[in-house]
Amino acid sequence: MFVRQVSMAEGQRLQRITRTAKDPVKLRRAIVVLMSAQGQPAPDIAYLLKTSEDYVRDVIHAFNERGFDALDPKWSGGAPRRIDEQARDWICVIARCDPRFLGRPFSCWSLAKLRDYLIDAGYVTTISVETIRRILHERGVSWQATKTWKASTDPEFTSKMRRILDLYDHPPADGRVLCVDEFGPLNLQPRPGRAWRPQGQPVRLRATYTRDQGVRHMIAALDLTTGRLHYRIRDRKRWREFLGFLKTLRRRWPGDKLYLIVDNFSPHKHPEVRAWCTANQVALVFLPTYASWLNWIEAEFAAVRYFALNGTDHRSHAEQDAAIGDYIRWRNQRARPKSGFAADSKIRHPDYPFKAA
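About the criteria used
Residues numbered from 1 in each chain as written. Predicted model: local features only at pLDDT ≥ 70, side-chain atom pairs only at ≥ 80, totals over all residues. Heavy atoms only, no water. Domains from an automatic or database assignment. UniProt positions renumbered as here; feature names shortened; annotations may be inferred. Helix = DSSP H or I, 4+ residues; strand = E, 2+ residues; numbered from the N terminus. Disulfide = S-S within 2.5 Å. Buried < 20%, exposed > 50% of the residue type's maximum accessible area, 1.4 Å probe, protein only. Pairing = 2+ DSSP bridges. Patch = residues over 30% accessible without salt bridge, like charges linked within 9 Å, V, L, I, M, F, W, Y side chains within 5 Å. Areas by Shrake-Rupley, 256 points an atom, 1.4 Å probe, with all protein chains shown as cover. Salt bridge = Lys/Arg side-chain N within 4 Å of Asp/Glu carboxyl O. Lys, Arg positive; Asp, Glu negative; His and termini not counted. Charge placed at Lys NZ, Arg CZ, Asp CG, Glu CD. Contact = heavy atoms within 4.5 Å. Phe/Tyr/Trp six-rings, centres within 6.5 Å; stacked < 30°, edge-to-face > 60°. Lys NZ or Arg CZ within 6 Å of the ring centre and 35° of its normal.

Caption draft 1: Local environment of the domain arrangement of the protein. Considered domain by domain, the protein is made up of domain 1 (8–71), domain 2 (85–139) and domain 3 (156–195 + 211–341). Put simply, the middle of domain 2 and the middle of domain 3, counted by C-alpha atoms, are 47 Å apart.

Caption draft 2: How the structure looks around the UniProt feature "domain: Tc1-like transposase DDE" (unreviewed entry) in the protein. Per the UniProt record, "domain: Tc1-like transposase DDE" (unreviewed entry) is found at residues 176–311. Spanning residues 176–311, this segment combines 26% helix with 26% strand, and its end C-alpha atoms are found 36 Å apart.

Caption draft 3: Focus on the state of the cysteines. Enumeration according to the criterion identifies zero disulfides in this entry. Note on Cys 97: no disulfide assigned, nearest cysteine sulfur contributed by Cys 92 at a separation of 11 Å.

Caption draft 4: A look at the pairing of strand β1 (residues 175–186). For β1, the tally of buried residues reaches 10 of 12 residues, placing the bulk of the element in the interior. Relative to strand β4 (residues 257–262), β1 runs parallel, the two being bridged by five bridges. Each residue of the ladder has a partner; that of Val 177, found in β4, is Tyr 259. With seven bridges joining them, β1 and strand β2 (residues 216–223) adopt antiparallel strand pairing. Following the sheet pairing, Val 180 is matched in β2 by Ala 221.

Caption draft 5: Representation of a positive patch on the surface in the model. Residues Arg 228, Arg 232, Arg 234, Lys 247, Arg 251 and Arg 252 make up a contiguous surface patch of positive charge. Every element with two or more residues in the positive patch is listed here: β3 (229–234) and α9 (239–252). A per-element tally of the positive patch places α9 first, with three residues. Its location among the elements puts Arg 232 in strand β3.

Caption draft 6: The side chain of Glu 241, seen in detail. Structurally, the position occupied by Glu 241 is in helix α9. Not counting residues up to four positions away in its chain, the partners in contact with Glu 241 are Ile 219, Arg 234 and Arg 236.

Caption draft 7: Region of interest: the packing of aromatic side chains. A full pass over the atoms with the stated rule returns 14 aromatic pairs. Arranged with centres 5.1 Å apart and planes meeting at 45°, the rings of Phe 183 and Phe 301 form a pair that is tilted. A residue pair is termed long-range when its members are at least 10 positions apart, and Phe 183 in strand β1 and Phe 301 in helix α11 (residues 297–309) qualify at 118 residues. Assigned by exposure class, Phe 183 and Phe 301 land together as buried. In textbook terms, an aromatic cluster arises when at least three aromatic residues are bridged by ring pairs, as seen for Trp 90, Phe 106, Trp 109, Tyr 117 and Tyr 123. Over the aromatic face of Tyr 47 sits the side chain of Lys 50, whose NZ or CZ is 4.7 Å from the ring centroid.

Caption draft 8: Structural detail: the side chain of Arg 88. Structurally, Arg 88 can be placed in helix α5 (residues 85–95). Judged by relative accessible area, Arg 88 falls into the buried class, the value being 8%.

Caption draft 9: Representation of the pairing of β2. For β2, a buried count of eight out of eight residues is recorded, marking the element as mostly surrounded by other parts of the structure. A two-sided burial pattern is seen for β2, the buried positions comprising Arg 216, Met 218, Ala 220 and Leu 222 on one face and His 217, Ile 219, Ala 221 and Asp 223 on the other. Judged from the six bridges that link them, β2 and β3 form a sheet pairing that is antiparallel. Paired with Met 218 across the bridge in β3 is Ile 233. Where β2 hands over to β3, the hairpin turn is made up of five residues, of which Gly 227 adopts a positive phi near 80°.

Here you go:
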């Protein structure tokens, strides 16, 4: 049997489909019809396309009856869901529960344990681990790490926080805001990290080492006006080193009043440091207790650790100091002014920490 007579326009349309069709089913059906229109019998078409003669005849019959509509596949939508919407809701609710509240002696669910509980409790008769994973993914329930949070005990937390946020949002016209902190200790040791590597070929670092060359500390300041990071690396981090670093900042901007956002580390509050700051137009703005996350430089320290130290195994302090310096110089060349600190955070709520905590 052969397809009905095909007009010139229909033949051209079939050729276009065979060249441009993305759907493999539509492409194969168009080839069958085109070959039949060219006079090739059904057995030859089936042999060339590695399919059955019955399939070829069914395509030809369908095209003769419905025309080009017969080339489009009619997907049935697959098998009906065996897990209804109510059961899917229960799966997500139970996954977010503490298993101990439901009589299970463990602190978190694995997918296998969750599946066993759902079947034992009668929420489903049978279900696979993969189905549970897909349901949780579709409903936005993901596997997340539990982290700790230390609340501030500072009775003046709110006023201190708002002072710092105001400095971030409205830098004073008579000077510049600097976020200052210490980074370290800088040990000499293999540091775990991540890198793009061929599968099955991870980078290995030594597991045995001795730290017999002491530690060093970095004192750094983030200039919000330019976004640049200024630093010094010292063997110790006493008030003397801190005061020496402040003097370098004072010389860098001799005409500006400096507003330094610092934590409550004791060298920052040393009487000689305070006296020098008072005499040299340097205002120390202290963070609330247990609120180092308000110091903008903490995010920069995380980047320094990630890009300059993680995945390394420096054998000398000179080598490690050079790696940190190279990264900071690269970063400063691309720095931009800092603005919009935690713009969408709940700390911006006028009642924080009372309503949002």
